[in-house]
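Architecture at a glance
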Amino acid sequence: MTRYDLSRLALLGVATIAACGPRTAPVPVVNRAAPRVAVVPAPVSLLVGNGAPFALRDSVIIVIDAGNADAARIANTLATLVKVSTAFPAAVRDGALPRGAIRLRLDANRSDLGDEGYTLNAVADSLVIVARAPAGLFHGIQTLRQMLPYQIESDMGRSDLAQSWTVPPVSITDAPRFAWRGAMLDVARHFFTVDEVKQYIDMLALYKMNRLHLHLADDQGWRIEIKSRPTLTSIGGVMQVGGAPGGFYTQDDYAEIVRYAAERYVTIVPEIDMPAHINAALLAFPQLSCGKRAPAPYMGTEVGFSAICPDSTDSYRLIDDFVREIAAITPGPYFHIGGDEVQALTDQQYASFIERVQDIVARHGKTMVGWDEIRHARLLPTSVVQVWRPGQDTTSMGGAKVILSPANKLYVDMQYAPQTELGLHWAAYVEPDTVYNWNPATLSATIKESDILGIEAPLWAETIRNITAAMFLAVPRVPTAAEVAWTPQAARNWDDFRQRIATHAPRWRILGINYYPTPQIPWY
Ligand code: TNX
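Residues numbered from 1 in each chain as written. Predicted model: local features only at pLDDT ≥ 70, side-chain atom pairs only at ≥ 80, totals over all residues. Heavy atoms only, no water.

Some details on the packing of aromatic side chains
The relative placement of two aromatic rings is captured by the distance of their centres and the angle of their planes. Inspection of the entire model under this criterion finds 20 aromatic pairs. Aromatic side chains Tyr-436 and Phe-497 sit 4.7 Å apart centroid to centroid with 25° between the ring planes, which places their arrangement in the stacked category. Of this pair, Tyr-436 sits in helix α11 (residues 432-436) while Phe-497 sits in helix α14 (residues 494-502), and the two are 61 residues apart along the sequence. Take Phe-497: its relative accessible area is 0%, and that puts it in the buried class. Cluster of aromatic residues (ring-pair linked, three or more members): Trp-371, Trp-388, Tyr-411, Trp-426 and Trp-460. (Phe/Tyr/Trp six-rings, centres within 6.5 Å; stacked < 30°, edge-to-face > 60°. Helix = DSSP H or I, 4+ residues; strand = E, 2+ residues; numbered from the N terminus. Buried < 20%, exposed > 50% of the residue type's maximum accessible area, 1.4 Å probe, protein only.)

Here's the deal with the pattern of salt bridges
By the definition in use, this model includes 33 salt bridges. Here Asp-65 makes a salt bridge to Arg-103, at a shortest N to O gap of 3.0 Å. Of this pair, Asp-65 sits in the loop between β3 (61-64) and α2 (69-86) while Arg-103 sits in strand β5 (residues 101-106); the two residues are 38 residues apart in sequence, bridging distant segments of the chain. The residue Arg-363 makes a salt bridge to Asp-320 at a minimum N-O spacing of 3.1 Å. (Salt bridge = Lys/Arg side-chain N within 4 Å of Asp/Glu carboxyl O.)

What to know about the site of the ligand
Taken together, the neighbourhood of the ligand is formed by 14 residues, with Arg-189, Tyr-411, Asp-413, Trp-426 and Glu-462 sitting nearest. Note that an oxygen atom of the ligand is positioned 2.6 Å from one of the side-chain N or O atoms of Glu-462. For the ligand, whose free accessible area comes to 360 Å², the fraction covered by protein is 98%. Residues belonging to the shell around the ligand are distributed by class as follows: eight nonpolar, one polar and five charged. (Near = heavy atom within 4 Å. Polar contact = N/O pair within 3.5 Å; in protein donor to acceptor, adjacent residues only side chain to side chain. Areas by Shrake-Rupley, 256 points an atom, 1.4 Å probe, with all protein chains shown as cover. Nonpolar A, V, L, I, M, F, W, Y, C, P; charged D, E, K, R; others polar.)

Here's the deal with the layout of surface pockets
If you add up the space inside the largest pocket, you get close to 670 Å³. Along its surface, the largest pocket is lined by 27 residues, and Leu-81, Arg-145, Glu-153, Asp-202 and Leu-511 are the ones closest to its centre. Where the lining of the largest pocket is concerned, the elements lending two or more residues are α2, α3 (134-147), α4 (194-206), α6 (251-263) and α15 (505-511). Broken down by element, the lining of the largest pocket gets its largest block of residues, seven residues, from α2. (1 Å grid on protein atoms, 1.4 Å probe; cavity = no way out; pocket = protein on both sides within 12 Å on 5 of 7 lines; lining within 4 Å. Points joined across faces, edges and corners; volume = space filled by probe spheres on them.)

Section: helix α8 (residues 313-328)
Spanning 16 residues, α8 covers 22 Å between terminal C-alpha atoms, matching the ideal 22 Å at 1.5 Å per step. On its buried side, α8 packs onto β13 (221-222), α5 (231-234), α6, β14 (267-274), β15 (334-338) and α9 (347-363). Measuring from the side-chain oxygen of the N-cap residue of α8 to the backbone nitrogen of Asp-314 gives 3.1 Å; that N-cap residue is Ser-312. (Expected span 1.5 Å × (residues − 1). Contact = heavy atoms within 4.5 Å.)

Looking at the nonpolar core
By size, the foremost hydrophobic cluster in this structure holds 112 residues, and its most contacted members are Tyr-200, Leu-212, Leu-214, Trp-222, Ile-272, Met-274 and Phe-322. In contact with Leu-214, other than residues within four places in its own chain, are Leu-185, Val-187, Val-197, Tyr-254, Ile-257, Ile-268, Val-269, Pro-270 and Glu-271. In terms of nonpolar packing, the next biggest core, distinct from the first, is built from 41 residues, Ile-74, Ala-79, Leu-81 and Tyr-118 among them. (Core = buried A, V, L, I, M, F, W, Y, C linked by side-chain atoms within 4.5 Å.)

A look at the sheet that holds β5
What the seven strands build is an open sheet, ordered β1-β9-β6-β7-β5-β3-β4; its pairing is mixed. At either margin of the open sheet sits one strand with a lone partner, and together these are β1 (45-48) and β4 (91-94). Here the average twist between neighbouring strands, direction ignored, is 15°. Strand direction decides the pairing type here: strand β6 (residues 118-123) and strand β7 (residues 126-131), joined by six bridges, are antiparallel. For Val-123, the partnering residue across the bridge sits in β7 and is Ser-126. Contacting β5, β6, β7 and β9 (170-174), α3 crosses the sheet at an angle of about 40° to β6. (Pairing = 2+ DSSP bridges. Axes fitted to C-alpha atoms, helices over the stretch in contact; angles between N-to-C directions.)

Concerning the domain arrangement of the protein
With domains assigned, the protein is organised as domain 1 (45-174) and domain 2 (177-511). Using only C-alpha atoms to locate each centre, domain 1 and domain 2 end up separated by 34 Å. Residue-level contacts link 21 residues of domain 1 with 16 residues of domain 2. Taken together, the two surfaces of domain 1 and domain 2 that pack against each other cover about 1600 Å², and 58% of this comes from carbon and sulfur. (Domains from an automatic or database assignment. Buried area = accessible area lost by both parts, 1.4 Å probe.)

Quick word on the sheet that holds strand β19 (residues 452-459)
Here eight strands make up a closed barrel; going around it, the order is β10-β11-β14-β15-β16-β17-β18-β19 and the pairing parallel. Pairs of neighbouring strands in the sheet enclose a mean axial angle of 30°, with direction left out of account. Sheet topology note: the strand β10 (residues 180-186)/β19 ladder contains six bridges and is parallel. Along β19, the bridge assignment pairs Met-184 with Pro-458. Helix-sheet contacts for α8 involve β14 and β15, and the interaxial angle to β14 is about 170°.

Remarks on unusual backbone geometry
That bond from Met-274 to Pro-275 is cis: its omega, 0°, falls within 30 degrees of zero. With respect to the secondary-structure elements, Pro-275 resides in the loop between β14 and α7 (279-284). The omega angle of the peptide bond from Val-475 to Pro-476 is 15°, so this bond is cis rather than trans. Relative to the assigned elements, Pro-476 resides in the loop between α12 (467-474) and α13 (477-486). At Lys-208, a position not held by glycine, the phi torsion is positive, near 65°. Mapped onto the secondary structure, Lys-208 falls in the loop between α4 and β11 (211-215). Judged by its relative accessible area of 1%, Lys-208 is buried. Notably, Glu-341 is not glycine yet its phi reads approximately 50°, a positive angle. On the secondary structure map, Glu-341 appears in the loop between β15 and α9.

Now the structure itself:
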């Protein structure tokens, strides 16, 4: 590049910044009247009454039915939230319902509420959440949490706020549009610690998301201990993009993530991407690479160059070992095999590889999920296709169930705008309105809504190396995707949404959730 080019680029840069204005966070406008109820995702039905609000008093107790361990655990979570923020004792009990109590009730007869629905009724003297299943109770508590003042997220025991802990008088009936409300975290390009993954799960749970897909291996690193193949991590796990040390989860670490997620009604979906995106495993097993060349460690961000040899029985022995071990520590029903961006194999080699891996996954009791390229193989009726390429031909999906993750709408690793830090932009620049103003039912004329399990927002980690950076890309777009996944299309409205989500920023600041203060949202 000549000097002249450099100075032109610099000039262009200045011009871009000037045209877009300074990128400082908008000053919070504290006196603006906030929407009275600012729940995200918006409930299916919400009626706000005229009566007095429900007030949390220092005598508040949480009442559950005796003998239900799930209800007791959920009640204790709520009690802890209330205790640390308000300094009220907030005991959990069974039995009678005194004035001013919160009641959590599991009612097996409420099949109308499904696996995840709930009702929440708040009047001056009581607040009652009813669900058929524990996940519904848990979601109901997230709604309650969002209706209380944002300081409910604090752990400061704010006795000074004793008068302000109120919930508007509401009657809510709520249940999700889609069963699969997912997010994906790529822990392979950069490694994220167990604690960081838990922080991501906490954010998902607040927005009623229920799947976390972990992209556990790629060219740059293998991130899950396989006891029968220890070199996968001891050789394959040591690096990440940029060359800094990587890392991996022991099976105990992974079990801890699974347990933490399950307590928040989030199912972990493990992914080992194959036959491509496999360089890290080939470092440990060079004889399994196509062409038998020992690969070099890879710390860049190109895709598609590596492949495990589809013609070697040793490849399938290795695959059987890691699918078996990961399946055994994964209580959820899914195993994601990747299957994307393969450049090194013929179509025939690719299809038969996917079919053999599908058999292995089935033999270990799991349902196979794969990126949309897998539709070129003969799929079992139970296998699930995750559509990611915008404009992808979906005509030959063969009636498979699908998860929709179109990159130009839902990839939260896309930059928000040309001038924002972090992220890529190969599919699009994606501001929250692009996420919001998308109806999953319109992606393809050949995919029926009944075939759509749901949607998922992937966060690829080429450009992010810690949870703060991850949250900058995820928030507010993952909460936005959560409303797309949960709220019926007819009940969604962008302008209403932006007013509601704006009030969540003070919560995020207390919780330590980084976010992008997009100019599209009138932040508090
Ligand atoms: C495409 S999505 C990929 C990933 C990259 C991502 C970056 C998919 C199935 N493959 O390997 O990380 O783009 O946006």
